[in-house]
Amino acid sequence: MHHVIALEQYFGMSHLAMFWRLVSEGYLSSDKLEDYSHGVISAARNLGYNDKLYKQTPTELQKKTYGHYLTQVEELRQKDLVSSGKIDELLLDAFRDDIAFGLDEDEQGGETID
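Right, let's walk through the structure included here.

**Focus: the packing of aromatic side chains**
- Tallied over the entire structure, the rule returns three aromatic pairs.
- Relative to Tyr 36, the ring of Phe 19 has its centre 5.9 Å away and its plane inclined at 40°; by these criteria the two rings are tilted. Placement of Phe 19 in helix H2 (residues 15-24) and of Tyr 36 in the loop between H2 and helix H3 (40-46) is noted, with a sequence separation of 17 residues between them. Exposure class is identical for Phe 19 and Tyr 36. Each is buried.
- Following the ring pairs from residue to residue traces out a cluster consisting of Phe 19, Trp 20 and Tyr 36.

Next comes the structure, spelled out in structure tokens:
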């Protein structure tokens, strides 16, 4: 169990997703699901890991895009390759209304993560 939890933490994957990945790669048998389903959060804590990976993401952060996509949109904006309306559309498609509409943290009701 501690090896599975270490892999989950390293790759930022849910416990169930990691379990099935290890099954599909032949490292675990699917009949071990019951053995690997109980006490995951307490086991992670006992191993010194933060338990936030095992808790539901706050609603305001559930649908947001980060990283490379935003970098590409910003590059399009800087090079003036598409209209500002298209930039807003791309940002809204990425669930980033905070950027498209210039909302700050107080208007969103939460912390902005960049």
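From this point, the discussion proceeds with the structure in view.
**Structural notes on unusual backbone geometry**
- Even without being a glycine, Asp 80 presents a positive backbone phi close to 55°.
- In this structure, Asp 80 sits in the loop between helix H4 (68-78) and helix H5 (84-93).

**Focus: the side chain of Asp 98**
- You can see Asp 98 is positioned in helix H6 (residues 97-100).
- There is a polar contact of 2.8 Å between the side chain of Asp 98 and the side chain of Arg 96.

What counts and what doesn't
Residues numbered from 1 in each chain as written. Predicted model: local features only at pLDDT ≥ 70, side-chain atom pairs only at ≥ 80, totals over all residues. Heavy atoms only, no water. Phe/Tyr/Trp six-rings, centres within 6.5 Å; stacked < 30°, edge-to-face > 60°. Helix = DSSP H or I, 4+ residues; strand = E, 2+ residues; numbered from the N terminus. Buried < 20%, exposed > 50% of the residue type's maximum accessible area, 1.4 Å probe, protein only. Polar contact = N/O pair within 3.5 Å; in protein donor to acceptor, adjacent residues only side chain to side chain.

Honestly, it's all geometry; don't read function into it.
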